[in-house]
Amino acid sequence: MNRKEFLRNSLLLGGTLAISEQHAFAGNLVVNGIDRLTDAQGNFVHQPLPFAEAALEPHMDAETVHLHYTFHHGNAVKAANKYQGLIREALEKGVYDNTDFYTKKLTLQSSSHILHSIFWTNLSAQPTEPTGELLRRIEQKFGSYDKMKGLLAYLSKNVDGNGWGILGYQPYFDQLTLLQCEDHEKLTQWGVVPLLVIDVWEHAYYLKWRNKRDGFVDSLFALINWDNVAERLEQAVKLQ
Ligand code: MN3
């Protein structure tokens with residue numbers, strides 16, 4: 001059993017053990033090649049926050065993290081389970097009325113669950129810099145780390161309404177790519193695996209940053225755990 005598996009099993013058995021930052025999800029990444037966001041029955045599971053709520057101060061305040069994780073992410077998990085349940089019921093009954101609506105809602109809420117789960121693991125009070133294969137691919141695709149960062153920040157700041165800036169890996173093209181996502185599921189590209197996601201919904205910053213989304217996005221780069229991004233890339237390229 002390696003360290004990550006040990007930590008994961010300790011979490012499952014211990015319950016009250018402190019959650020080790022960066023490992024709550026990373027263990028699952030090793031086991032599954034991707035985050036495990038469902039239980040054995042396929043129901044969506046709200047994984048523990050991989051750091052204390054105040055850990056990202058002053059860039060991200062504890063109250064925002066609390067509300068964001070508990071209610072915005074948590075309610076998305078509940079809603080995703082609700083609509084998935086309604087679709088299961090419809091299948092059992094063989095009556096498909098309203099399943100178009102349920103499917104649309106499930107896509108929205110499950111996408112929120114996926115992106116928020118990745119978002120929390122991307123952040124750390126001990127930020128790192130991109131190195132190795134991740135840095136090589138960034139430089140190959142975007143020219144330099146600074147250029148990629150500039151473009152990702154620009155795209156994130158300029159999302160129309162609520163949404164996300166995303167650095168992803170596209171296995172069909174074997175390339176990194178940047179996306180500007182609206183809501184949680186629009187303007188994506190089939191197959192892209194999100195590696196680094198920047199939440200620019202107003203709930204992510206409004207308590208502290210008010211209307212200054214640009215300041216929030218710039219500040220967020222002081223919290224990026226590029227080791228987590230690199231680990232995600234390592235798993236994603238296996239899909240190629
Ligand atoms: Mn959010």
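This report concerns the structure included in the present document. These numbers come from a predicted model, not from an experiment.

What about the overall build of the protein?
And step 1. Scanning the protein from terminus to terminus reveals 9 helices and 3 strands.
And step 2. Taken from N to C terminus, the helices and strands of the protein fall in the order α-α-α-α-α-α-β-β-β-α-α-α.
And step 3. Each of the 240 residues in the protein was classed as buried or not, and the buried ones make up 45%.
And step 4. Here the contacts in the protein between residues at least 6 apart in sequence split such that 65% fall between residues at least 24 apart.
And step 5. Counting every atom, the protein has about 12,100 Å² of accessible surface; 54% of that belongs to carbon and sulfur.

Remarks on the coordination of the manganese ion
And step 1. Around the manganese ion, the protein contributes the donor atoms His68 (NE2), His116 (NE2), Asp199 (OD) and His203 (NE2), which lie 1.9 to 2.2 Å from the metal centre.
And step 2. Site description for the manganese ion: donor spacing in sequence, H-x47-H-x82-D-x3-H. In this pair, His68 sits in helix α3 (residues 62-93) while Asp199 sits in strand β3 (residues 193-199), placing the two residues 131 residues apart along the sequence. Pair check on accessibility: His68 and Asp199 agree, each one buried.

Some details on the packing of helix α5 (residues 132-142) against helix α9 (residues 226-236)
And step 1. Their axes nearest at 8 Å, the elements α5 and α9 cross at an angle of 85 degrees. The angle between the axes of α5 and α9 places the two elements in the roughly perpendicular class. Residues Glu133, Leu134, Arg137 and Ile138 of α5 form the contact with α9, whose participating residues are Trp226, Val229, Ala230 and Leu233.

Quick look at the environment of Met148
And step 1. Tracing the sequence through the fold places Met148 in helix α6 (residues 145-157).
And step 2. We classify Met148 as buried; its relative accessible area is 0%.
And step 3. Separated by 29 residues in sequence, Met148 and Thr177 place their C-alpha atoms 9.8 Å apart.
And step 4. The residues touching Met148, leaving out its near neighbours within four places in the chain, are Ile138, Phe142, Leu167, Leu178 and Trp226.

Here we look at a nonpolar patch on the surface
And step 1. On the surface, a cluster of nonpolar side chains totalling about 250 Å² of accessible area is made up of Leu67, Phe71 and Leu207.
And step 2. When you line up the elements, Leu67 lands in helix α3.
And step 3. What makes Leu67 partly exposed here is its relative accessible area of 32%.

What counts as what
Residues numbered from 1 in each chain as written. Predicted model: local features only at pLDDT ≥ 70, side-chain atom pairs only at ≥ 80, totals over all residues. Heavy atoms only, no water. Helix = DSSP H or I, 4+ residues; strand = E, 2+ residues; numbered from the N terminus. Buried < 20%, exposed > 50% of the residue type's maximum accessible area, 1.4 Å probe, protein only. Contact = heavy atoms within 4.5 Å. Areas by Shrake-Rupley, 256 points an atom, 1.4 Å probe, with all protein chains shown as cover. Donors = N, O, S within 2.8 Å, 3.2 Å for Na, K, Ca; no water. Axes fitted to C-alpha atoms, helices over the stretch in contact; angles between N-to-C directions. Parallel < 35°, antiparallel > 145°, perpendicular 65-115°, else oblique. Patch = residues over 30% accessible without salt bridge, like charges linked within 9 Å, V, L, I, M, F, W, Y side chains within 5 Å. Salt bridge = Lys/Arg side-chain N within 4 Å of Asp/Glu carboxyl O.

That is the geometry; function is a separate question.
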